[in-house]
2 protein chains.
Amino acid sequence: MTDTPRAVLIDDIATLVTNDPGLGRGAVGEIADAALVIEDGRVAWAGPRTRAPEADARVDAAGRCVLPGFVDSHSHIVFAGDRSREFAARMSGQPYSAGGIRTTVAATRDASEAELLENARRLVGEARAQGTTTLEVKSGYGLTVADEERALAVAARVTDEVTFLGAHVVAPEYTDDPQGYVDLVTGPMLEACAPHARWVDVFCERGAFDEESSRRVLTAGVERGLLPRVHGNQLGEGPGVRLAVETRAASVDHCTYLTAEDVDALAQAARRPDPTVATLLPGVDFSTRQPYPDARALIDAGALVALASDCNPGSCFTSSLAFCVAVAVRDMGMTPEEAVWAATAGGARALRRTDVGHLGPGARADLTLLSAPNHLYLAYRPGVPLVAAVWKDGELVSGRP
Amino acid sequence: MTDTPRAVLIDDIATLVTNDPGLGRGAVGEIADAALVIEDGRVAWAGPRTRAPEADARVDAAGRCVLPGFVDSHSHIVFAGDRSREFAARMSGQPYSAGGIRTTVAATRDASEAELLENARRLVGEARAQGTTTLEVKSGYGLTVADEERALAVAARVTDEVTFLGAHVVAPEYTDDPQGYVDLVTGPMLEACAPHARWVDVFCERGAFDEESSRRVLTAGVERGLLPRVHGNQLGEGPGVRLAVETRAASVDHCTYLTAEDVDALAQAARRPDPTVATLLPGVDFSTRQPYPDARALIDAGALVALASDCNPGSCFTSSLAFCVAVAVRDMGMTPEEAVWAATAGGARALRRTDVGHLGPGARADLTLLSAPNHLYLAYRPGVPLVAAVWKDGELVSGRP
């Protein structure tokens, strides 16, 4: 075991994004010429470097930017199989449909648990190297009791934010009996899966689950002690947002097609102590050539907006929150600051976490050092890997300062 | 000095992109389960691994993809100063105009040559780590005889593909005498700069140089032994494409706004032995919220299309050709294969190079190993840094296999 210094000072930070408006300027609580002290895996102090306290060790940020690690509240990284040829075919003109999920279901069922774990670990490592320090992971490519439970067991080995998504699509064995599949998901599958998960999720969309089935899934999950979240309004207008707000879900994800009533409902829900966040997934709309959601309208109405990757082999195989930030700025009407907030603090809200997504005293010391003087570079330099180093719980887990 | 093995076998390549239709399948000359032999900095052999010849050393590609290094035929990396705040302001509603170039001119003039060289070297290294093995570099932020010559001297220290772009915008000192500036560019400035450059370029656009001034710049450059290339049709329809074809320029870059006549002219020019390539710069349209050019229409008409970064601090600060590939597929109607070809072989055509952009025997051993089984991943996994290792002239220059 190495001697870990008790207090580590990260010094000469050109721009420190705290996401704490009480600590710095603007919505992202920006401090220029800043420093930050890590102690026992938490942020002990953050402020102007001229006022930094003593510490046992010093890391030189050398005029670069430090921001909270990305909180990616939506991924599907427990899977097997390759869908790059399907992607290429889609980019040559074929439309995306929810049915493609079944390709991955077949490959995932065929894979060993060791293969699934290795793939998930590789993707967690890849995401971490790109600055993601909190990553939600869903099941949803098993669709049998045993395969869903296995996926969640794998997920629980790579993250604390585990989501049961047995209701991703109707399992192929139940094509002629979708209600029978909902009975399975809300009965024996839930029973087997709930111990591994924190969240229950449902894909409430034409081609997946209708409103009533989705409500049953969420209600059953909540009764079993899980917290609800929803996939909705991805491929067309629908009941997803309404249902998410009704069930006090932590988040409704996609929100590509919203009515004025949906926007209103999300704005109302943002004022609750347990808000329903609108989580936008720019990579999906990018990789499926869908239109982009109107983040500007959501923010202007008062809704809470998060950005997440939706990393999955079918509709969006990016693990880069920086990429999502750049696309959200380019195509969803977000300012760079709003997008950075949404990928950090917004993701934390979507996971109902107060310990991550910000760098105020007491927060987990999950933070990213960029090869850039400020956080605007995440949008200003699209596609460029800017993450120089990543700390999680105060430990350097990727790169080097 | 280390002992370099004479012949190195790169083995177990799941997908080898050769860009040589005689060697493999399709326009990118794809070979499955391939191997490649490097000798004396060149490709000595490429084909199915079962037929690979003996070699002195072996690199294990372990089922990943190898493709030619990117040939980025358009960049402006000799500069100083930061324009991230201007970018953020633009993303909050201000339009892009060519005048912003002058901000960088002021900072570049103020910088020392050592600073300019350090910045350029850093960006070349960053591009190389992302798979770019040939990079064109322009002047254009000096706009005095001494400052342009200095920029080209810096460029010549980081690349062989140096472009004199004194005619980027009219220098601030000549605002009231644009013809006087053209006299300077085509006279003493050209005289001082030509020895450092291979190419002459002009920004033929409203707000920069009109058709007649642009023609003077190109003609003078050609008379002084430089090869012409053109910036045109970025901000609106205009004479850029017509002039490029007329002067037999190697490339006309941007091509965001084209008339049917422009597309026809480029299709005609593609049939010449010295074609004029249409170089599209997806990062610029991304970062300025311009519409995207219609690559599909160009390709379908028979034009040659290249993709380049245009890496510069104002309109597009990406150095990632992978990002450009992903955007070109998403938003310009290119298939993943066409986009990969355009960023490698297409760039080589735009620089009139036959030694790079492909991996047939005799080509320079400039190649990239991806953390992916095939080249479609460059579009399938947008934003994810997939480059595992890069060789230039047969030497490993970035990453590790």
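The notes below deal with the structure included here. Predicted, not measured: the structure shown is a model, and the values here were computed from it.

Quick word on the overall build of chain A
Here is step 1 of the chain: If you tally the helices and strands in chain A, you get 13 helices and 16 strands.
Here is step 2 of the chain: Relative to the compact-globule value of 21 Å for 401 residues, chain A shows a C-alpha radius of gyration of 21 Å, a close match.
Here is step 3 of the chain: Along the first, second and third principal axes, the C-alpha set of chain A runs to 70 × 50 × 45 Å.
Here is step 4 of the chain: Expressed as a percentage of the 401 residues in chain A, the buried residues total 63%.
Here is step 5 of the chain: Considering only contacts within chain A whose residues lie at least 6 apart along the sequence, 72% involve residues at least 24 apart.
Here is step 6 of the chain: Here chain A displays about 13,700 Å² of accessible surface, and carbon together with sulfur accounts for 49% of that area.
Here is step 7 of the chain: For chain A, the centre of its 38 positive side-chain charges and the centre of its 54 negative side-chain charges are spaced 2 Å apart.

Observations concerning the relation of the copies chain A and chain B
Here is step 1 of the chain: Expressed as a screw operation, the relation of chain A to chain B combines 0.0 Å of axial shift with a rotation of 180°, fitting to an RMSD of 0.0 Å. Such a combination of turn and shift is consistent with a two-fold rotation axis. Considering only C-alpha atoms, the part of chain A nearest the rotation axis is A:Gly383, at 2.4 Å.
Here is step 2 of the chain: By residue overlap, the copies meet face to face through one surface: 100% of the interface positions of chain A are interface positions in chain B.

Notes on the sheet that holds strand β2 (residues 30–39) of chain A
Residue and element names in this part refer to chain A.
Here is step 1 of the chain: Pairing is mixed in the open sheet, where 7 strands are placed in the order β3-β2-β1-β4-β14-β15-β16. The strands lining the two open edges of the sheet, one partner per strand, are β3 (42–48) and β16 (395–399). Neighbour-to-neighbour, the strand axes of the sheet open up by a mean angle of 35°, direction not taken into account.

Section: the packing of aromatic side chains
Residue and element names in this part refer to chain B.
Here is step 1 of the chain: The tally for this structure, following the rule as stated, stands at 19 aromatic pairs over all chains.
Here is step 2 of the chain: Ring geometry for Phe-79 against Tyr-141: centres 6.4 Å apart, planes inclined by 75°, an arrangement best described as edge-to-face. With Phe-79 in the loop between β5 (70–72) and α1 (84–91) and Tyr-141 in the loop between β7 (137–138) and α4 (145–158), the pair connects residues that are 62 residues apart, well separated along the chain. Assigned by exposure class, Phe-79 and Tyr-141 land together as buried.
Here is step 3 of the chain: Between Tyr-181 and Phe-209 the ring centres are 6.3 Å apart and the planes differ by 25°, which places this aromatic pair in the stacked class. Placement of the pair is Tyr-181 in helix α5 (residues 178–193) and Phe-209 in the loop between β9 (199–204) and α6 (211–223), with a sequence separation of 28 residues. Each member of the pair, Tyr-181 as well as Phe-209, is classed as buried.

As for the interface of chain A and chain B
Here is step 1 of the chain: Counting from both sides, the interface comprises 45 residues of chain A and, opposite them, 45 residues of chain B.
Here is step 2 of the chain: Between chain A and chain B, roughly 3,800 Å² of surface is buried when both sides are summed, and carbon and sulfur atoms account for 56% of that area.
Here is step 3 of the chain: At the junction of chain A with chain B, the criterion picks out 4 salt bridges.
Here is step 4 of the chain: Here B:Glu30 makes a salt bridge to A:Arg85, at a shortest N to O gap of 3.4 Å.
Here is step 5 of the chain: Applying the counting criterion to the chain A and chain B interface returns 28 residue pairs in polar contact (both at pLDDT 80 or more).
Here is step 6 of the chain: Those elements giving two or more residues to the side of chain A that touches chain B turn out to be α1 (84–91), α3 (113–129), α9 (282–287), α11 (321–331) and α13 (377–380) of chain A.

A few points about α4(B)
Here is step 1 of the chain: Taking 1.5 Å per residue, 14 residues should reach 20 Å; α4(B) reaches 21 Å between its end C-alpha atoms and fits that length.
Here is step 2 of the chain: Turning to α4(B), its buried residues are B:Asp147, B:Glu148, B:Arg150, B:Ala151, B:Leu152, B:Val154, B:Ala155 and B:Val158.

Brief notes about the pairing of strand β3 (residues 42–48) of chain B
Here is step 1 of the chain: Across 6 bridges, the pairing between strand β2 (residues 30–39) of chain B and β3(B) is antiparallel. Looking at the pairing, B:Glu39 lines up with B:Arg42 of β3(B).

Focus on the sheet that holds strand β10 (residues 227–232) of chain A
Residues and elements named next belong to chain A.
Here is step 1 of the chain: Sheet architecture is open: 7 strands sit in the order β7-β8-β9-β10-β11-β12-β13, paired in parallel fashion. Edge positions in the sheet fall to β7 (137–138) and β13 (305–307), since each has one partner strand and no second.
Here is step 2 of the chain: As judged from the 3 bridges shared by strand β8 (residues 162–167) and strand β9 (residues 199–204), these two strands associate in the parallel manner. Paired with Thr-163 across the bridge in β9 is Trp-199.
Here is step 3 of the chain: Helix α4 (residues 145–158) rests against β7 and β8 of the sheet, and its axis sits at about 160° to β8.
Here is step 4 of the chain: Along the sheet face, helix α6 (residues 211–223) touches β8, β9 and β10 and points at about 175° away from the line of β9.

About the thresholds
- Residues numbered from 1 in each chain as written.
- Chains lettered and ligands numbered in written order.
- Predicted model: local features only at pLDDT ≥ 70, side-chain atom pairs only at ≥ 80, totals over all residues.
- Heavy atoms only, no water.
- Helix = DSSP H or I, 4+ residues; strand = E, 2+ residues; numbered from the N terminus.
- Rg over C-alpha atoms; globule rule 2.2 N^0.38 Å.
- Buried < 20%, exposed > 50% of the residue type's maximum accessible area, 1.4 Å probe, protein only.
- Contact = heavy atoms within 4.5 Å.
- Areas by Shrake-Rupley, 256 points an atom, 1.4 Å probe, with all protein chains shown as cover.
- Lys, Arg positive; Asp, Glu negative; His and termini not counted.
- Charge placed at Lys NZ, Arg CZ, Asp CG, Glu CD.
- Least-squares fit on C-alpha atoms with pLDDT ≥ 70 in both.
- Pairing = 2+ DSSP bridges.
- Axes fitted to C-alpha atoms, helices over the stretch in contact; angles between N-to-C directions.
- Phe/Tyr/Trp six-rings, centres within 6.5 Å; stacked < 30°, edge-to-face > 60°.
- Buried area = accessible area lost by both parts, 1.4 Å probe.
- Salt bridge = Lys/Arg side-chain N within 4 Å of Asp/Glu carboxyl O.
- Polar contact = N/O pair within 3.5 Å; in protein donor to acceptor, adjacent residues only side chain to side chain.
- Expected span 1.5 Å × (residues − 1).

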